[in-house]
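Examining the three-dimensional arrangement
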Amino acid sequence: MSTQGKTQTPEKVTTQTVVEMKRKGERISMLTAYDFTMAGIVDRAGIDVILVGDSASNVMAGYETTVPMTLEHMIYHTSCVVRGVKRALVIADLPFMSYQVTAKEALISSGRMMKEAGAHAVKLEGGRTIAGTVRKIVDAGIPVMGHLGLTPQSIYKFGTYKVRAKEEQEAEELLEDARQLEEAGVFSIVLEKIPAALAKKVTESVSIPTIGIGAGADCDGQVLVTHDMLGLNKDFSPRFLRRYADLDKSMTDAVSNYIDDVKKGDFPNENERYN
Ligand code: KIV
């Protein structure tokens, strides 16, 4: 049948797609988005996975940590993103204290994220201590992504955002956490800010894809916060961050030019008015 004249619907990325990508040795690209417009941009550019991260707390709301984020906030951001996406897999972070108290509560939070926001999967921070909870969510038919290494929701426990698992014991524990998460049924694991050699070891030890942020080049995929890689956040310059644009400058210049034009009476001109 001819498809001429019809808009082609892109093939959607699923959790199975990313697992298959690891098997085929294809790298997985992942970025964050918290709103409809940004989600549409990164989706149309061809990103595989969009994470509605609770980094929205810092980036969108201006909080210092991710701790204040609520389930309602995350459902709102996720629903905005889902409406802007045609192809990418959309994963939503479960915020702090929406899954840690009981597995039942975690299941209810995950269910709301899927039903009310339209997420395709949820992400939880933690290792063996939440493996039982992960299993229950997965058993209910909800795909789960794990998150090990630097887990920002535990900032008050660790006290810093420094590299994790540099010592042998913590590295061994992280490796075991990854194995237990895989056994509990996660389809992928984010590895945040850990030594590259450890990330490589974890990646080789599990059959599900690892997605690194500050974890070196041997993970199966990479994730960055979109606002950081676009240069919208000048105050954040960790070693792992590569900036692909300087949107802070471009946007500031554009706004300055607009102000100048308005002040000079140059905007609007004859073509920018109705007669
Ligand atoms: O919240 C977030 O943006 C994240 C990524 C940094 C992995 O968890």
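Refer to the structure printed above.
Structure report, in brief. Numbering of residues starts from 1 in every chain and runs along the sequence as written. Residue-level local features of this predicted model are given only where pLDDT is at least 70; pairs of side-chain atoms are given and counted only at 80 or more, and the full residue set underlies all totals for whole chains, interfaces and linings. Only hydrogens and water are removed before side-chain values are computed, so all heavy atoms of the structure are retained for them.

**Remarks on the pairing of strand E3 (residues 89-93)**
Let me state the cut-off plainly: For each residue, the accessible area found with a 1.4 Å probe, counting protein chains only, is set against the maximum for its type, and the residue is called buried under 20%, exposed over 50%, and partly exposed in between. Secondary structure is summarised from DSSP: a helix means a run of H or I of at least four residues, a strand means a run of E of at least two, and numbering begins at the N terminus for each. Two strands qualify as a pair provided that DSSP identifies no fewer than 2 bridges between them. The path from the first strand over the helix to the second decides the hand: if it runs clockwise while the strands point away from the viewer, the crossover is right-handed.
For E3, the tally of buried residues reaches 5 of 5 residues, placing the bulk of the element in the interior. Burial of the side chains of E3 extends over both faces: Leu89, Ile91 and Asp93 are buried on one face and Val90 and Ala92 on the other. Bridge analysis of strand E2 (residues 49-52) against E3 gives 4 bridges, and the strand direction is parallel. By the bridge assignment, Leu51 is partnered in E3 with Ile91. The parallel pair E3 and strand E4 (residues 121-123), bridged by helix H5 (residues 103-115), forms a crossover whose chirality is right-handed.

**Description of helix H11 (residues 247-264)**
Operational definition: To estimate the expected span of a helix, subtract one from its residue number and multiply by 1.5 Å.
For H11, with 18 residues, the first-to-last C-alpha span of 25 Å sits near the 26 Å given by 1.5 Å per residue. At the C-terminal side of H11, Gly265 shows a positive phi close to 80°.

**A look at a nonpolar patch on the surface**
Selection criterion: Two distance rules govern patches: like charges are joined within 9 Å, and nonpolar side chains (Val, Leu, Ile, Met, Phe, Trp, Tyr) within 5 Å, applied only to residues with over 30% relative accessible area and no salt bridge. Here, Shrake-Rupley sampling with a 1.4 Å probe gives the accessible areas, and only protein chains in the shown set may cover a residue. Salt bridges, as used here, are contacts in which a Lys or Arg side-chain nitrogen is within 4 Å of a carboxyl oxygen on Asp or Glu.
Judged by side-chain polarity, Val255, Tyr258, Ile259, Val262 and Phe267 come together as a nonpolar surface patch covering roughly 450 Å² of accessible area. Residue Phe267 is classed as partly exposed on the basis of its relative accessible area of 38%.

**Focus on the pattern of salt bridges**
Oppositely charged side chains may form a pair once their charged atoms are brought near each other. Tallied over the full model, the rule gives 15 salt bridges. Arg23 is the salt-bridge partner of Glu20, the closest N and O atoms lying 2.6 Å from each other. In this pair, Glu20 and Arg23 both sit in helix H1 (residues 15-24), 3 residues apart, roughly one turn of the helix. Among the residues examined, Glu20 registers a relative accessible area of 31% and is labelled partly exposed. Across the pair Lys200 and Glu204 runs a salt bridge, and its minimum N-O distance is 3.0 Å. On the criterion of helical spacing, the pair formed by Lys200 and Glu204 is a turn pair, its members being 4 residues apart in helix H9 (residues 196-205). Each of Glu72, Arg112 and Glu116 takes part in one network of salt bridges that share partners.

**Some points on the site of the ligand**
The condition is simple: It suffices for a single heavy atom of a residue to lie within 4 Å of a molecule or strand for the residue to be listed as near it. Two N or O atoms form a polar contact when they lie within 3.5 Å of each other; inside protein one atom must be a possible hydrogen donor and the other a possible acceptor, and for residues adjacent in sequence the pair counts only when both atoms belong to side chains. Gly is placed with the polar residues, together with every amino acid not listed as nonpolar (Ala, Val, Leu, Ile, Met, Phe, Trp, Tyr, Cys and Pro) or charged (Asp, Glu, Lys and Arg).
Taken together, the neighbourhood of the ligand is formed by Thr32, Leu51, Gly53, Asp54, Ser55, Asp93, Lys123, His147, Val190, Ile213 and Val225. Ser55 places a side-chain nitrogen or oxygen 2.5 Å from an oxygen atom of the ligand. Note that an oxygen atom of the ligand is positioned 3.0 Å from one of the side-chain N or O atoms of Lys123. Protein coverage of the free-state accessible area of the ligand, which is 260 Å², stands at 94%. Considered class by class, the residues forming the shell around the ligand number 4 nonpolar, 4 polar and 3 charged.

**Some points on the sheet that holds E3**
Each strand in a sheet pairs with its neighbour through backbone hydrogen bonds, running either in the same direction (parallel) or in the opposite one (antiparallel). Cut-off, in case you're wondering: Working convention: axes come from line fits to C-alpha atoms, limited for helices to the stretch in contact. Angles between N-to-C directions cover 0 to 180 degrees.
Strands sit in the order E1-E2-E3-E4-E5-E6-E7-E8 around a closed barrel of 8 strands; the barrel is parallel. For this sheet, the mean angle separating the axes of adjacent strands, direction not counted, is 25°. Sheet topology places strand E6 (residues 188-192) next to strand E7 (residues 210-213); 4 bridges connect them, and they run parallel. The residue bridging Glu192 from the neighbouring strand is Ile213, located in E7.

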